[in-house]
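The residues making up each chain are set out below.
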Amino acid sequence: MFRILKGAGGERVFRVATISAMVLLALFFLGIIASLLAYTKWDTFVSALFSEEILFAIRLSLMTATIAAVISMLIAVPVAYAISRARFPGKDIVDSLLDLPIVISPVALGAALLVFFNTPLGSAIDDNIIKFVFSVPGIVLAQVTVISALAVRLLKSTFDGIDPRYEQVARTLGCSKPEAFFRVTLPLARDGLIASGILTWARAVGEFGATVMLAGATAMKTETLPSAIFLSLASADVEKAIAVIFVLILIAVAALLVIRRIIGRRYRI
Amino acid sequence: MIKIEGLSLRLGEFNLKDIDLSIRDGEYFVILGPTGAGKTVLLECLAGLHHFKKGKVYFNGADVTRLMPEERNLGYVPQDYVLFPFIDVFNNIAFGLKQLKISTSEVRERVNKLADLMGVSHLLHRETRTLSGGEKQRIALARALAPSPRFLLLDEPLGALDLRTAKNLRLELRRIHRQFGLTTIHITHDLMEALEMADRVAVIQDGRVEQVAEPEKMLFYPEGEKVADFIGSPNILDCDYCRSLGQGVMEVGCGDMKLTVAHEGGDIRKIAILPRHIYVSETRPPGLSVNGFQGLITSIEPAGNTVKILIDVAEKSLLSEIPSYIFEDMNLTVGKEVFLILRMRRIRVYESSL
């Protein structure tokens, strides 16, 4: 039965099959974007885009995502380095645990956070230190929870790709362990750091599930761009939803372009 | 002086077993062994890159076993050089100097001086990835020498280089060694490289030191079967007379054989040549053949990838070793008359009688 798949015929069939799969998927995405364009009218689009509510959502999203990305990177650099280099018993378990937030639904993570802030310890933090529940810091916390695992994963592969002998040579040249890390490993990881930072930031901009659970989606208070889409559609304001979708697409494309440039230079994922 | 006492370490596939070595001040010490013998791991132990529970390392009498690599003041040149790709050649050489508390102008001065010495001054502002193997090796050396280390550790410094570059660097390494008087440990799997460069050689096999000796001694009196196998039982001939032919070439007589060798200086008492440097041919080699002889095959013995052939020449027995695939293309049998060439450049000569 598979006789036809042997030899040059097989190669042709295989080529056609894989390339058509690629083309179909690309057409699918193009179709979605085209339907958005078909649905929207330019003047209502512009007025929706520059409405006070959407401008607020853009500002809030960019601010929270930037803070969340910075915090995540600061946490992820030492964690990823430890997973990549250190050898200790139970490392595999810790490693798998750190993968969980990537596979678990963000809604579940957000709900779990909300539950945490209802425990005595959690509510003590919420009441006395920083108010997270239904507030802007809650958005940042939700985003950090979702994206820090991603940042660790991306940075781990960066550190894995750096030959530990660079650090060893640096140490024979008089660097202490921390000096070797800052003088050699970080510069070697630079492209990886930038790419991971942008990817986690873009992921934070798009975060919805955990955010809406912990911080809610109150207009002009905790309304991020994804929340804005949700709220617009919930109130049947499709024009507004489409405007926000385009803003999100624009941000994503910009992030991908920057990463492409970096990859084109040196970095490999 | 470097002293290693009872060092044992298991690291993945490598297993160092009870290593005892002592390297004298100013010595050019070569550690010789096949791939996987544990040479690199041993060197890394000296550099402080591995922790080991059994054994001690002393530098000039002081116990340094627990010192961190940065506290040992060693010049270390790893295999494949490991130059830093994110900075240019100048900053690579200056890397260790910047850890010392010296002024920028002094750093620049010392880098320039070393670059000059290593002949890489014209490369100072180049990126490292555009350099050739030989250039990289010189820069890695300059980088290691820059902070004025106590000892120099070289891991297969000539391994990845083409023959001509390797030959130049071999001379240069000896020159640097003389100039700095720096105790140097050099790792290699290449017997000829070890014999040519070393003051003393240590043969390591399966993580064990099998023999430590001067190159000639190692060649003529290998201890134990393992070392003898690795060295490959050289042909050693006593010389009855010798006569200079000028231009660094001498004619020596060993019984009825007359040989031309590259040598300048005193009378030659012995010559040695490895079996793999004696070529065998069924027909008379064309052209002028230096050190060409005719002989009779007395035995043929396969040995792994090679075949060992014993040939009687002028009442002497010479051992030749040729790759199996070449042997299979020839029609060699015991009792057959063959032609052989002793490669002139590969003949080692000894003035002392040992």
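All values reported here derive from a predicted model rather than from experimental measurement. (Residues numbered from 1 in each chain as written. Chains lettered and ligands numbered in written order. Predicted model: local features only at pLDDT ≥ 70, side-chain atom pairs only at ≥ 80, totals over all residues. Heavy atoms only, no water.)

(A) Fine view of the sheet that holds strand E5 (residues 62–63) of chain B. All names here are of chain B. Reading across from one edge, E2-E1-E4-E5 is the order of the four strands in this open sheet, with antiparallel pairing throughout. Of all strands in the sheet, those bounded by a partner on one side alone are strand E2 (14–23) and E5. Inspection of the sheet shows strand E1 (residues 2–11) paired to E2 by seven bridges, in the antiparallel sense. Bridging across to E2, Leu-9 finds its partner in Leu-16. Across the sheet, helix H1 (residues 39–47) is in contact with E1, E2 and strand E4 (54–59); its angle to E1 comes to roughly 120°. (Pairing = 2+ DSSP bridges. Helix = DSSP H or I, 4+ residues; strand = E, 2+ residues; numbered from the N terminus. Contact = heavy atoms within 4.5 Å. Axes fitted to C-alpha atoms, helices over the stretch in contact; angles between N-to-C directions.)

(B) Here's a closer look at the side chain of Thr-145 of chain A. All names here are of chain A. Note on placement: Thr-145 falls in helix H7 (residues 136–160). For Thr-145, the side chain forms a polar contact with the main-chain oxygen of Leu-141, separated by 2.6 Å. Setting aside residues no more than four positions away along its own chain, Thr-145 makes contact with Pro-101, Leu-109 and Leu-113. (Polar contact = N/O pair within 3.5 Å; in protein donor to acceptor, adjacent residues only side chain to side chain.)

(C) Layout of helix H4 (residues 133–145) of chain B. Residue and element names in this part refer to chain B. Its 13 residues give H4 an end-to-end C-alpha distance of 18 Å, which sits within 8% of 18 Å, the value for a rise of 1.5 Å per residue. Judged by how many residues are buried, H4 sits mostly within the fold: 10 of 13 residues are covered. Among the residues of H4, those classed as buried are Gly-134, Gln-137, Arg-138, Ile-139, Ala-140, Leu-141, Ala-142, Arg-143, Ala-144 and Leu-145. (Expected span 1.5 Å × (residues − 1). Buried < 20%, exposed > 50% of the residue type's maximum accessible area, 1.4 Å probe, protein only.)

(D) Just the interface of chain A and chain B, in detail. Every contact between the two is made by 18 residues of chain A and, on the other side, 24 residues of chain B. Together chain A and chain B conceal approximately 1900 Å² of surface at their shared face, both sides included; 62% is due to carbon and sulfur atoms. Its largest share of buried area at the contact with chain B, chain A owes to Thr-172, Leu-173 and Arg-183 of chain A, together 36% of the area lost on that side. Counting across the interface, chain A meets chain B through two salt bridges. Here Arg-165 of chain A ties to Asp-80 of chain B by a salt bridge, and the two come within 3.6 Å at their closest N and O atoms. Joining chain A to chain B, the criterion identifies six residue pairs in polar contact (both at pLDDT 80 or more). Mapped by element, the contributors of at least two residues to the side of chain A that touches chain B are helix H8 (164–172) and helix H9 (177–188) of chain A. Here the element with the most residues in the side of chain A that touches chain B is H8 of chain A; it accounts for seven residues. (Buried area = accessible area lost by both parts, 1.4 Å probe. Salt bridge = Lys/Arg side-chain N within 4 Å of Asp/Glu carboxyl O.)

(E) Here's a closer look at the nonpolar core. All names here are of chain B. In this structure, Ile-93, Val-111, Ile-139, Leu-141, Leu-173 and Leu-219 are the most contacted members of the largest nonpolar core, which totals 55 residues. When residues of this core are assigned to domains, at least three map to each of domain 1 (2–231) and domain 2 (237–350). Not counting residues up to four positions away in its chain, the partners in contact with Val-111 are Phe-90, Ile-93, Ala-94, Leu-97 and Leu-124. Residues Leu-9, Leu-16, Ala-37 and Leu-49 belong to the second largest nonpolar core, which totals 54 residues. (Core = buried A, V, L, I, M, F, W, Y, C linked by side-chain atoms within 4.5 Å. Domains from an automatic or database assignment.)

(F) Representation of the sheet that holds strand E16 (residues 278–281) of chain B within the structure. Residues and elements named next belong to chain B. Across the sheet, five strands lie side by side as E16-E20-E17-E18-E19; this open sheet has antiparallel pairing. Looking at which strands have only one partner, the edges of the open sheet turn out to be E16 and strand E19 (316–323). Put simply, the sheet's adjacent strands are angled 45° from each other on average, direction ignored. Pairing of strand E17 (residues 292–303) with strand E20 (residues 337–342) involves five bridges; the strand directions are antiparallel. What sits directly across from Gly-292, in E20, is Ile-341.

(G) Summary view of the packing of helix H4 (residues 91–103) of chain A against H7 of chain A. All names here are of chain A. Where H4 meets H7, the closest approach of the two axes is 7 Å, and the angle between their N-to-C directions is 125°. With respect to H7, the element H4 is oriented oblique. The hand of the H4/H7 crossing is left-handed. In this structure, H4 contributes Asp-95, Leu-98, Asp-99, Pro-101 and Ile-102 to the contact, and H7 contributes Thr-145, Ala-149, Leu-150, Arg-153 and Lys-156. Looking at the contact of H4 with H7 residue by residue, the class counts come to five nonpolar, one polar and four charged. (Parallel < 35°, antiparallel > 145°, perpendicular 65-115°, else oblique. Left-handed = near helix turned anticlockwise from the far one by under 90°. Nonpolar A, V, L, I, M, F, W, Y, C, P; charged D, E, K, R; others polar.)

(H) View of the pairing of E1 of chain B. Residues and elements named next belong to chain B. Strand direction decides the pairing type here: E1 and E4, joined by five bridges, are antiparallel. If you follow Lys-3 over to E4, its bridge partner there is Tyr-58. Hairpin connection between E1 and E2: a loop of two residues separates the two successive antiparallel strands, and Gly-12 in this loop has a positive phi of roughly 60°.

(I) Representation of the domain arrangement of chain B. All names here are of chain B. Entries for chain B in the domain assignment read domain 1 (2–231) and domain 2 (237–350). The interface of domain 1 with domain 2 comprises eight residues on the first partner and eight residues on the second. Around 790 Å² of area is buried between domain 1 and domain 2 when both sides are counted, 67% of it from carbon and sulfur atoms. Contact with domain 2 buries surface across domain 1, with Met-192, Leu-219 and Phe-220 losing the most and accounting together for 56% of the total. On inspection of domain 1 and its partner domain 2, the count reaches zero salt bridges. Viewed at the interface, domain 2 and domain 1 are joined by one residue pair in polar contact (both at pLDDT 80 or more).

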